[in-house]
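The residues making up each chain are set out below.
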Protein chains: 2
Amino acid sequence: MANPLENRFHADDIAQADHYLATDPPADLDPRVERLVNDLIGRIADKWTLLVLELLEEKGTLRFTEIGRQVEGISQKMLTQTLRQMERDGLLTRTVHPVVPPRVDYALTPLGNSLSAAFCGVWVWAERNLETVEAARVRFDARD
Amino acid sequence: MANPLENRFHADDIAQADHYLATDPPADLDPRVERLVNDLIGRIADKWTLLVLELLEEKGTLRFTEIGRQVEGISQKMLTQTLRQMERDGLLTRTVHPVVPPRVDYALTPLGNSLSAAFCGVWVWAERNLETVEAARVRFDARD
DNA sequence: TGCCGTAGTCACCCAAAGGTAAGAAATGGC
DNA sequence: GCCATTTCTTACCTTTGGGTGACTACGGCA
């Protein structure tokens, strides 16, 4: 029952989660807020966004082509698009140096850092349970 | 520099993160593992999967149509698809009762519960920073 | 003179995601 | 005998995501 990962969070998060889970009646929260949260999650829980977030968290400030090189498989178009969107959402800053050839630096904002931290638990989960999931798939595919 | 949220995590996670970050040479981790983790994240970080995960975590066991009713906007096709995939990944169990009309119950496995817990931080983040993101967007859209 | 490198934008195209709607199977109730 | 109910599956179609490759601006350098 006791989830091995739940002590991963701050006491006040736990308190909030408890509050959230404790209300037996389905009076969760304002459905408008819930919809907004869902939208936000949908926007954020995107493959490229997560990878860029991770990379910048790890490496600090990077310029466009460096990110492109290190996020494997991303096209220039998707990189631009992802960075623009993250900038719009306030997750990173884009600093243009007026030199030639152009130089643009990207770095996470505190908001971006906090999102990265929020996702840390998910990365840890994925690392830890990779093999469990793989085994489950094999089992599922084997039965008929 | 010090991330205000990093004390959110376990000591061993911090140690792991430190190890991860301390290696100045780009010898992060096995690139094969990293690719697998990225794949897994990509599969899991899906809008419908997250919503179903949340719902089942909150409500316990539910049957097909109940989930369909409560996950707003999901089509029957996507619901079936999402549930099948989650079952394959070992996140939930699907119990068919051989009655007529059919009755199928869905419930999270412990693995599903642990994933839900791992995402808890993200939901909390989204709730807390909804307005910050909204404000950032307004600011971004206003400048030209 | 002309090529290089950076950080894009733009136009075009294809593949995949996802919506809609119809049908299937089985049986208790009218 | 027929209809409703539930959990799907399948076929078809539209929308979106995302790749590719051409193009630009600019100054330094050969």
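Look a little higher up for the structure.
Residues numbered from 1 in each chain as written. Chains lettered and ligands numbered in written order. Predicted model: local features only at pLDDT ≥ 70, side-chain atom pairs only at ≥ 80, totals over all residues. Heavy atoms only, no water.

### A few points about the overall build of chain A
Consideration 1: Check the secondary structure of chain A and you find 6 helices and 3 strands.
Consideration 2: When each of the 144 residues of chain A is scored for burial, the buried share is 42%.
Consideration 3: With the model as given, the accessible surface of chain A reaches about 8000 Å², and the carbon-plus-sulfur share is 54%. (Helix = DSSP H or I, 4+ residues; strand = E, 2+ residues; numbered from the N terminus. Buried < 20%, exposed > 50% of the residue type's maximum accessible area, 1.4 Å probe, protein only. Areas by Shrake-Rupley, 256 points an atom, 1.4 Å probe, with all protein chains shown as cover.)

### Things to note about helix H6 (residues 110-142) of chain B
Consideration 1: A rise of 1.5 Å per residue sets the reference length of H6 of chain B, with its 33 residues, at 48 Å; its end C-alpha atoms lie 46 Å apart and thus fit the reference within 8%.
Consideration 2: At asparagine 129 of chain B, H6 of chain B shows its maximal kink, close to 55°. (Expected span 1.5 Å × (residues − 1). Bend = angle between axes of the 7 residues up to and from the residue.)

### Points about the side chain of serine 116 of chain A
Consideration 1: Along the chain, serine 116 of chain A falls in helix H6 (residues 110-142).
Consideration 2: Setting aside chain neighbours within four positions, we find serine 116 of chain A in contact with Leu53, Glu54 and Glu57 of chain A. (Contact = heavy atoms within 4.5 Å.)

### Topic: helix H3 (residues 47-59) of chain B
Residues and elements named next belong to chain B.
Consideration 1: Compared with an ideal rise of 1.5 Å per residue, which puts 13 residues at 18 Å, H3 spans 18 Å between its outermost C-alpha atoms and is within 8% of the ideal.
Consideration 2: For H3, the full list of buried residues reads Trp48, Thr49, Leu50, Leu51, Val52, Leu53, Glu54, Leu55 and Leu56.
Consideration 3: Note on H3: the residue one or two positions beyond its end, glycine 60, has a positive phi of about 85°.

### Side note on the packing of H6 of chain A against helix H5 (residues 76-88) of chain B
Consideration 1: Where H6 of chain A contacts H5 of chain B, the axes come no closer than 8 Å and their chain directions differ by 115°. On the basis of the axis angle, H6 of chain A is roughly perpendicular to H5 of chain B. For the pair H6 of chain A and H5 of chain B, the contacting residues are Ala136, Arg137, Phe140 and Asp141 of chain A in the first and Arg84, Glu87 and Arg88 of chain B in the second.
Consideration 2: In terms of residue class, the contact of H6 of chain A with H5 of chain B is made up of 2 nonpolar, no polar and 5 charged. (Axes fitted to C-alpha atoms, helices over the stretch in contact; angles between N-to-C directions. Parallel < 35°, antiparallel > 145°, perpendicular 65-115°, else oblique. Nonpolar A, V, L, I, M, F, W, Y, C, P; charged D, E, K, R; others polar.)

### Examining the nonpolar core
Consideration 1: Formed by 68 residues in total, the largest nonpolar core has its most connected members in Ile67, Phe119 and Trp125 of chain A together with Ile67, Phe119 and Trp125 of chain B.
Consideration 2: Domain assignment of the residues forming this core places at least three in each of domain 1 (8-44) and domain 2 (46-139) of chain B.
Consideration 3: Excluding residues within four positions of it along the chain, phenylalanine 119 of chain B makes contact with Phe119 and Val122 of chain A together with Ile44, Leu50 and Leu53 of chain B. (Core = buried A, V, L, I, M, F, W, Y, C linked by side-chain atoms within 4.5 Å. Domains from an automatic or database assignment.)

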